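# Notes for the structure review
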Amino acid sequence: ALSQRLARAMQTLPTREQFILRQRKMCETARTLADLGREMGLSKERVRQLEAAALTKMRHALERDGLEVHDLVS
């Protein structure tokens, strides 16, 4: 059930933000901001900003789905 909620929340994100989160949080070896920035033609600061925005959007999507984010980590 939790994985389905996370998948639905991920689908609410733009493709670029999905890519960043997958590469930074869902891979066995997380890629660095600088590495992703080089690949995407962005600064590492811009990748960091996009990652932060994506995490905020996911949190909001999960909360709309009735799941409190602190429930995931407690």
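Residues numbered from 1 in each chain as written. Predicted model: local features only at pLDDT ≥ 70, side-chain atom pairs only at ≥ 80, totals over all residues. Heavy atoms only, no water.

Quick look at the environment of Arg46 now. Along the polypeptide, Arg46 turns up in helix H4 (residues 44–64). Arg46 gets classed as partly exposed once you look at its relative accessible area, which sits at 34%. (Helix = DSSP H or I, 4+ residues; strand = E, 2+ residues; numbered from the N terminus. Buried < 20%, exposed > 50% of the residue type's maximum accessible area, 1.4 Å probe, protein only.)

Looking now at the nonpolar core. Counting residues in each nonpolar core, the largest one holds nine residues, listed as Ala9, Met10, Leu13, Leu21, Ala54, Met58, Ala61, Leu62 and Leu67. Of all the secondary structure elements, the ones that give two or more residues to this core are helix H1 (2–11) and H4. At four residues, the largest contribution of residues to this core is made by H4. The contacts of Ala9, once residues within four sequence positions are left out, are Met58, Ala61 and Leu62. In this structure, Ile20, Leu33, Leu36 and Leu50 belong to the second largest nonpolar core, which totals five residues. (Core = buried A, V, L, I, M, F, W, Y, C linked by side-chain atoms within 4.5 Å. Contact = heavy atoms within 4.5 Å.)

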